[in-house]
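Spelled out, the chains give:
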Amino acid sequence: MINFQYVRATDVADAVHRIAADPAAKFIAGGSNLIDLMKYDVERPSRLIDITRLPLKSVEETADGGLRIGALVSNSDLAYHPLIAARYPLLASAILAGASAQLRNMASTGGNLLQRTRCYYFYDTGTPCNKREPGSGCSAIGGINRMHAILGTSEACIATHPSDMCVALAALDATVHVAGPAGPRAIAFAGFHRLPGNTPERDTNLAPNEIVTAVELPAQGFAAHYTYLKIRDRLSYAFALVSVAAALDMRENTIAEARLALGGVAHKPWRDPSAEAMLRGQPAEPMTFVRAADHLLRDAKGFEHNAFKIDLARRAVVRALSQAAAGTPQSQSNKKIR
Ligand SMILES: Cc1cc2nc3c(=O)[nH]c(=O)nc-3n(C[C@H](O)[C@H](O)[C@H](O)COP(=O)(O)OP(=O)(O)OC[C@H]3O[C@@H](n4cnc5c(N)ncnc54)[C@H](O)[C@@H]3O)c2cc1C
Ligand code: SF4
């Protein structure tokens with residue numbers, strides 16, 4: 001039994017003050033990831049700072065037509081919020097594709113962003129893992145790596161970020177609002193999560209003494225033409241092998257604006273503006289989608305057990321874009337494109 005202290009933060013300033021005073025402390029929100037990691041002896045916080053009573057549970061409209069989502073809004077409340085369901089159904093679909101109803105009731109928006117990888121070796125303290133213990137080695141390279149990354153990997157780590165919600169937030173160009181000892185700041189979603197490089201122990205660019213306070217969505221929600229397609233081993237309660245968030249703004253059959261993000265393939269939600277540029281102004285037809293998919297996966301590299309993901313991702317992108325263009329987000333496309 002490893003002892004730890006438990007305190008409850010009274011407001012955001014108090015939470016920041018407490019985390020800044022104790023580098024070995026951790027915030028706890030829903031606890032659905034952190035408690036597991038403590039049970040596996042992967043996380044050993046000296047103190048848990050309970051943030052669940054902070055006033056960060058609302059979804060509010062912003063002056064420019066977007067929405068500001070408090071960091072403590074639960075995944076369930078967010079997915080079923082009327083403004084999300086009506087204006088950002090891509091986000092609702094992604095959230096509902098994740099975990100189980102019970103977990104989504106506990107899981108918070110901030111915690112979902114900061115959940116850690118599901119790499120088996122990260123959870124197994126009997127094996128080397130650079131993310132858990134920097135410099136110890138990576139057991140997944142040369143080990144069992146079926147779930148692992150095919151894009152943006154490094155020689156230090158090939159883990160993936162497991163979130164579904166974050167893939168939609170990346171496609172929607174969200175902004176993460178945080179607060180720290182120096183005050184509040186905003187981080188563009190693309191710059192929030194990190195690639196592993198030589199520092200796989202760092203998942204995000206959030207400083208250790210900062211708290212996530214909100215996630216902001218811009219006005220454009222792509223409610224008419226979107227798809228979140230999640231490919232996994234079981235139809236529910238499983239993490240993505242590959243997932244695709246596709247969002248299009250259509251003018252008749254021409255793509256005016258496109259967003260594309262992949263999950264399950266990299267250390268962060270994978271988005272490449274040059275692949276989206278290839279879709280803009282083009283007719284919504286199979287060859288357009290195939291070209292964009294090939295471009296998006298051009299640098300993909302497989303390992304012993306996960307090379308299948310490259311073709312899987314390519315096909316998933318084509319299918320997601322086809323469904324989004326047709327305005328049929330939930331339907332399974334039977335049309336064989338390649
Ligand atoms: C069996 C199982 C299946 C799952 N399946 C899926 C799935 O398919 N798809 C998916 O996307 N997710 C899945 N999840 C993950 C789940 O969504 C996350 O565990 C959850 O979102 C984490 O939120 P939480 O509030 O419980 O975080 P916690 O466990 O409380 O915290 C997680 C981390 O975030 C930090 N943190 C929390 N809030 C803040 C904040 N506001 N500011 C700074 N740091 C903060 C904590 O310190 C901790 O390090 C699954 C989880 C389980 C256990
Ligand atoms: S892939 Fe990353 S998390 Fe998994 S064992 Fe290697 S270093 Fe650890």
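I will try to describe carefully the structure that is included in this document. The numbering scheme is per chain: residues are counted from 1 as the chain's sequence reads. The lettering of chains begins at A and the numbering of ligands begins at 1, in the order of writing. Given that the model is predicted, a residue must reach a pLDDT of at least 70 before its local features are reported, and side-chain atom pairs must reach 80 or more before they are shown or counted; all residues, however, enter totals for whole chains, interfaces and linings. To obtain the side-chain values, all non-hydrogen atoms of the structure were used and water was disregarded.

Here we come to the sheet that holds strand β4 (residues 59-61). Strand order in this open sheet of five strands is β4-β5-β8-β6-β7, and the pairing throughout is antiparallel. Each edge of the open sheet carries a strand with a single partner, namely β4 and β7 (183-188). The average undirected angle you get between the axes of adjacent strands in this sheet is 25 degrees. We call two strands paired when DSSP finds no fewer than two bridges between them. Note on conventions: DSSP H or I runs of at least 4 residues are helices, E runs of at least 2 residues are strands, and numbering of each starts at the N terminus. The pairing of strand β6 (residues 175-180) with strand β8 (residues 211-217) spans five bridges and is classified as antiparallel. Across the sheet, the residue bridging to Ala179 is Ile211, located in β8. On the sheet, helix α1 (residues 12-21) packs against β6 and β8 and is oriented at approximately 130 degrees with respect to β8. Helix axes use the C-alpha atoms of the stretch in contact, all axes being lines fitted to C-alpha atoms, and the angles between their N-to-C directions lie in the range 0 to 180 degrees. Should any heavy atoms of two residues lie within 4.5 Å, those residues are counted as being in contact.

If you trace the four strands from one edge of the open sheet to the other, you get β9-β10-β11-β12, paired in antiparallel fashion. Every interior strand has two partners, whereas the edge strands, β9 (226-231) and β12 (270-271), have only one. Taken together, the two bridges between strand β11 (residues 254-263) and β12 define a ladder with antiparallel strand orientation. Within β12, the residue paired with Ala261 across the bridge is Arg271. Lying on the sheet, helix α5 (residues 89-96) is in contact with β9 and β10 (242-251); it crosses β9 at an angle near 15 degrees.

Lining the immediate surroundings of ligand 2 are 14 residues, of which Cys119, Cys129, Cys138, Cys157 and Ile158 lie closest. Partitioned by chemical class, the residues of the shell around ligand 2 number 10 nonpolar, three polar and one charged. Note on definitions. A residue lies near a molecule or strand when any single heavy atom of the residue is within 4 Å of it. Side-chain classes are defined by residue name, with Ala, Val, Leu, Ile, Met, Phe, Trp, Tyr, Cys and Pro counting as nonpolar, Asp, Glu, Lys and Arg as charged, and the others, Gly among them, as polar.

The term salt bridge refers to a side-chain nitrogen of Lys or Arg lying within 4 Å of a carboxyl oxygen of Asp or Glu. In total, this model carries 22 salt bridges according to the counting rule given. For the salt bridge of Arg116 with Asp203, the shortest nitrogen-to-oxygen distance reads 2.9 Å. In this pair, Arg116 sits in the loop between α7 (109-114) and α8 (120-123) while Asp203 sits in the loop between β7 and β8, placing the two residues 87 residues apart along the sequence. Burial classes follow relative accessibility: with a 1.4 Å probe on protein chains only, a residue under 20% of its type's maximum area counts as buried, one over 50% as exposed, and anything between as partly exposed. Judged by relative accessible area, Arg116 falls into the buried class, the value being 14%. Each of Asp173, Glu257, Arg259, Arg271, Glu276 and Arg280 takes part in salt bridges that share partners, so that together they form one network.

A pair of aromatic rings is counted whenever rings of Phe, Tyr or Trp (Trp by its six-membered ring) have centres within 6.5 Å, and the orientation is called stacked for planes under 30 degrees apart, edge-to-face for over 60 and tilted otherwise. For the structure on display, the rule yields three aromatic pairs. With a centroid separation of 5.6 Å and 85 degrees between ring planes, the pair formed by Phe122 and Tyr123 is classed as edge-to-face. Judged on exposure class, the residue Phe122 and its partner Tyr123 are both buried.

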